[in-house]
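What follows is the residue order along each chain.
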Amino acid sequence: MILSASRRTDIPAFYAEWFIKRLRAGFVLVRNPLNFHQVSQISLMPEDIQCVVFWTKNPAPILNRLPELDDRQYHYYFLFTLTPYDNSIEVKVPPIDERISTFQALAGRIGHDRVFWRYDPILFTNRYTPAFHISAFTKLTKILAGFTKVCIISFVEMYRKCVRNMRNLRLMDLPVGERIAMIQAMQEIAGQYSITLQTCSGSGLELSGIKPGKCIDDKRIAKLTDFAFHGKKDKNQRRNCGCIESIDIGAYNSCPHNCLYCYANNDNNATVRNFSTHNPESPLLCGTLVAGDKVTQRKVKPITRIQRSLF
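Summary of the structure given here. (Residues numbered from 1 in each chain as written. Predicted model: local features only at pLDDT ≥ 70, side-chain atom pairs only at ≥ 80, totals over all residues. Heavy atoms only, no water.)

Helix and strand counts for the protein stand at 9 helices and 13 strands. Taken over the C-alpha trace, the protein has a radius of gyration of 19 Å; the compact-globule value for 311 residues is 19 Å, and the two agree within 12%. When the backbone C-alpha atoms are referred to their principal axes, the protein occupies close to 55 × 50 × 35 Å. Taking the contacts inside the protein whose residues are at least 6 apart along the sequence as the reference set, 75% of them involve residues at least 24 apart. Taking the average place of the 41 positive charges on the side chains of the protein and the average place of its 27 negative ones, the gap between the two points comes to 4 Å. (Helix = DSSP H or I, 4+ residues; strand = E, 2+ residues; numbered from the N terminus. Rg over C-alpha atoms; globule rule 2.2 N^0.38 Å. Contact = heavy atoms within 4.5 Å. Lys, Arg positive; Asp, Glu negative; His and termini not counted. Charge placed at Lys NZ, Arg CZ, Asp CG, Glu CD.)

Encoded structure:
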């Protein structure tokens with residue numbers, strides 16, 4: 001099984017202690033987002049997890065806890081979102097200089113082959129123009145050179161909740177040709193610093209020449225482990241998403257970063273309420289089991305494991 005931690009919330013930033021305690025306990029409980037009383041119990045035993053994929057904007061709180069993952073022989077890598085927006089968009093994200101230092105510290109600790117930079121989502125306003133993005137991307141690329149080998153980009157997806165949250169930003173909708181020209185320029189910049197640019201769910205960018213990537217990637221996992229993995233495409237993700245199947249242990253409306261473009265938060269009051277119910281000792285990320293809950297052991301089909309050939 002591939003463990004996603006998490007598309008729904010920033011576990012490294014806000015729930016690091018809880019995550020480590022769940023690893024020690026050997027299991028976690030996760031509510032079904034569409035059925036509150038349906039709860040899955042998921043094994044976190046090292047023998048059941050091929051790889052943990054962390055999604056984060058600020059892994060600083062988990063840095064000193066990573067040796068425990070290594071001691072327990074978990075394989076893992078980080079998808080680290082680092083963008084140049086200010087607090088009018090990424091409301092409670094730490095200052096960018098602080099996050100750059102954290103990025104470098106993380107790569108220095110676990111290696112540049114396990115830290116993947118996400119410059120996404122890309123959005124356009126009168127301030128955040130293509131010229132702005134190219135300039136900001138150039139500066140960040142120079143700084144992160146040697147600390148990562150891959151940068152994943154995508155354009156903002158306008159879910160209903162995102163439209164509502166960003167209604168005051170006056171977003172610009174650039175023609176596909178201008179978007180392609182911009183990311184081709186970004187690809188050239190990245191290449192100068194030995195960073196490969198990949199698209200995430202790159203609908204409409206097929207003509208750009210940029211290689212489509214997978215955030216949860218069987219080939220990437222194969223490089224980090226002693227086995228090659230043949231994982232099925234995750235049918236629960238967007239049509240253009242190439243990620244393989246994983247199990248997400250996060251919860252919606254639980255990330256206090258409060259980024260306006262976030263598809264996982266749609267109600268700030270619910271986010272505050274859910275975060276206030278977090279208990280590092282609970283098997284659930286937020287709250288506890290209540291009357292009417294039905295807990296079911298999640299049956300996980302192991303990903304096909306094929307030992308690498310020695311020749």
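Backbone torsion omega between Ala5 and Ser6 reads -5°, so that peptide bond is classified as cis. Positive phi outside glycine occurs at Gln73, with the angle close to 65°. Take Gln73: it is sitting in the loop between helix H3 (66–71) and strand E5 (76–81). With relative accessibility at 65%, the residue Gln73 sits in the exposed group. A positive phi angle is found at Arg170, which is not glycine, with a value near 55°. With a relative accessible area of 70%, Arg170 lands in the exposed category. (Buried < 20%, exposed > 50% of the residue type's maximum accessible area, 1.4 Å probe, protein only.)

Further remarks concern the layout of surface pockets. What the second largest pocket holds in volume is close to 430 Å³. Considering each element in turn, the lining of the second largest pocket owes the most residues, 4 residues, to strand E2 (residues 27–32). Broken down by class, the residue content of the lining of the second largest pocket amounts to 11 nonpolar, 7 polar and 2 charged. (1 Å grid on protein atoms, 1.4 Å probe; cavity = no way out; pocket = protein on both sides within 12 Å on 5 of 7 lines; lining within 4 Å. Points joined across faces, edges and corners; volume = space filled by probe spheres on them. Nonpolar A, V, L, I, M, F, W, Y, C, P; charged D, E, K, R; others polar.)

Bringing the packing of aromatic side chains into the picture now. Following the criterion strictly, the structure yields 15 aromatic pairs and no others. When the ring of Tyr77 is compared with that of Phe116, the centres are 5.3 Å apart and the planes differ by 75°; the resulting orientation is edge-to-face. With Tyr77 in strand E5 and Phe116 in strand E6 (residues 115–122), this residue pair connects regions lying 39 residues apart in the sequence. As far as the burial class goes, Tyr77 and Phe116 line up, both buried. With a centroid separation of 5.2 Å and 15° between ring planes, the pair formed by Trp117 and Phe137 is classed as stacked. Of this pair, Trp117 sits in strand E6 while Phe137 sits in helix H5 (residues 130–144), and the two are 20 residues apart along the sequence. Cluster of aromatic residues (ring-pair linked, three or more members): Phe19, Phe54, Tyr76 and Phe78. (Phe/Tyr/Trp six-rings, centres within 6.5 Å; stacked < 30°, edge-to-face > 60°.)

A few words on the environment of Ser208. Inspection of the secondary structure assignment puts Ser208 in the loop between strand E8 (196–199) and strand E9 (211–212). When its relative accessible area of 4% is taken as the criterion, Ser208 is described as buried. For the pair Ser208 and Gln192, spaced 16 residues apart in sequence, the C-alpha to C-alpha distance is 18 Å.

Before going further, it helps to examine helix H7 (residues 176–192). The terminal C-alpha atoms of H7, which comprises 17 residues, lie 25 Å apart, in line with the 24 Å expected from a rise of 1.5 Å per residue. Residues of H7 that are buried: Arg179, Ile180, Met182, Ile183, Met186, Ile189 and Ala190. Lining the buried residues of H7 we find E6, H5, strand E7 (150–155) and E8. Ser194 lies just past H7 and shows a positive phi near 60°. (Expected span 1.5 Å × (residues − 1).)

Consecutive residues of a regular strand have side chains that alternate between opposite faces of the sheet. In terms of burial, E7 is a largely internal element, 6 of the 6 residues being buried. Here E7 shows no split at all, with Val150, Ile152 and Ser154 on one side and Cys151, Ile153 and Phe155 on the other all buried. Bridge analysis of E6 against E7 gives 4 bridges, and the strand direction is parallel. Across the sheet, residue Arg118 finds its bridge partner in E7, namely Ile152. Of the crossover connections in this fold, the one passing from E6 over H5 to the parallel E7 is right-handed. Sheet topology places E7 next to E8; 4 bridges connect them, and they run parallel. Residue pairing for E8: Ile152 is matched across the bridge by Gln198. (Pairing = 2+ DSSP bridges. Right-handed = clockwise from strand over helix to strand, strands pointing away.)

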